[in-house]
Amino acid sequence: MAIRTIRTEGDAILGKKSRVVTEITPRTQDLIDDMIETMYEANGVGLAAVQVGVLKRIVVIDIGEGPMILINPEILETAGSQTGDEGCLSVPGLSGTVTRPNYVKVKALNEDMEEVIYEGEELLARAFCHEIDHLDGHMYTELVEGELRKVSYNDFDEDDFQ
């Protein structure tokens, strides 16, 4: 496994649509493993393959319950809404207020190319939407209500991460 470079806003690849994954090759498995390691190293809760420069429809998410791998994810259903702070590993040091669904149901493939269904509320719902947007070439900054704000880990209490 290796830490990959996270592409930042302004990099043209982040505006491109990712391609469907049709098989898991050793190279694709290495990508998934690297994405998980890169996400953890950067203290993120999600990462899309495009953020490490690979145009494949792969997302990894971990909101504190272990890593989820979503290949070719599709949103099937949403409900409610939540408005809150959102940030992105590709937009370091900034956050903004974004409204997202409060509930999201997603269909994807796992590493064995088997169909899985995930349901999430609050942070997980936000992460599903945020990362799937990346696969279609969209950044959360397109949805920010108001201005982006500078943020650092010093702005949070230790309890915010438990």
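Below is a short write-up of the structure. Only a predicted model underlies this, so the values are computations on that prediction, with no experimental measurement involved.

Here we come to the side chain of Asp62. Relative to the helices and strands, Asp62 resides in the loop between β2 (58-61) and β3 (68-79). One buried charged side chain, Asp62, makes no salt bridge at all; its nearest oppositely charged neighbour is Arg126, positioned 16 Å away. Of the polar contacts made by the side chain of Asp62, one reaches the backbone nitrogen of Gly64; its length is 2.7 Å.

Another point: the sheet that holds β3. With antiparallel pairing, 5 strands are arranged side by side in an open sheet as β1-β2-β3-β6-β7. Both edges of this open sheet fall to β1 (46-48) and β7 (115-121), since each of them pairs with a single strand only. When strand polarity is set aside, the average angle formed by the axes of neighbouring strands in this sheet is 35 degrees. With respect to the sheet, helix α1 (residues 26-41) is in contact with β1, β2 and β3, its orientation differing from that of β2 by roughly 35 degrees. Of the strands in this sheet, β1, β2, β3, β6 (103-109) and β7 are in contact with helix α2 (residues 123-135), which crosses β7 at around 125 degrees.

Cut-offs used in this document
- Residues numbered from 1 in each chain as written.
- Predicted model: local features only at pLDDT ≥ 70, side-chain atom pairs only at ≥ 80, totals over all residues.
- Heavy atoms only, no water.
- Helix = DSSP H or I, 4+ residues; strand = E, 2+ residues; numbered from the N terminus.
- Buried < 20%, exposed > 50% of the residue type's maximum accessible area, 1.4 Å probe, protein only.
- Lys, Arg positive; Asp, Glu negative; His and termini not counted.
- Salt bridge = Lys/Arg side-chain N within 4 Å of Asp/Glu carboxyl O.
- Polar contact = N/O pair within 3.5 Å; in protein donor to acceptor, adjacent residues only side chain to side chain.
- Pairing = 2+ DSSP bridges.
- Axes fitted to C-alpha atoms, helices over the stretch in contact; angles between N-to-C directions.
- Contact = heavy atoms within 4.5 Å.

On their own, these measurements won't tell you what the molecule is for.
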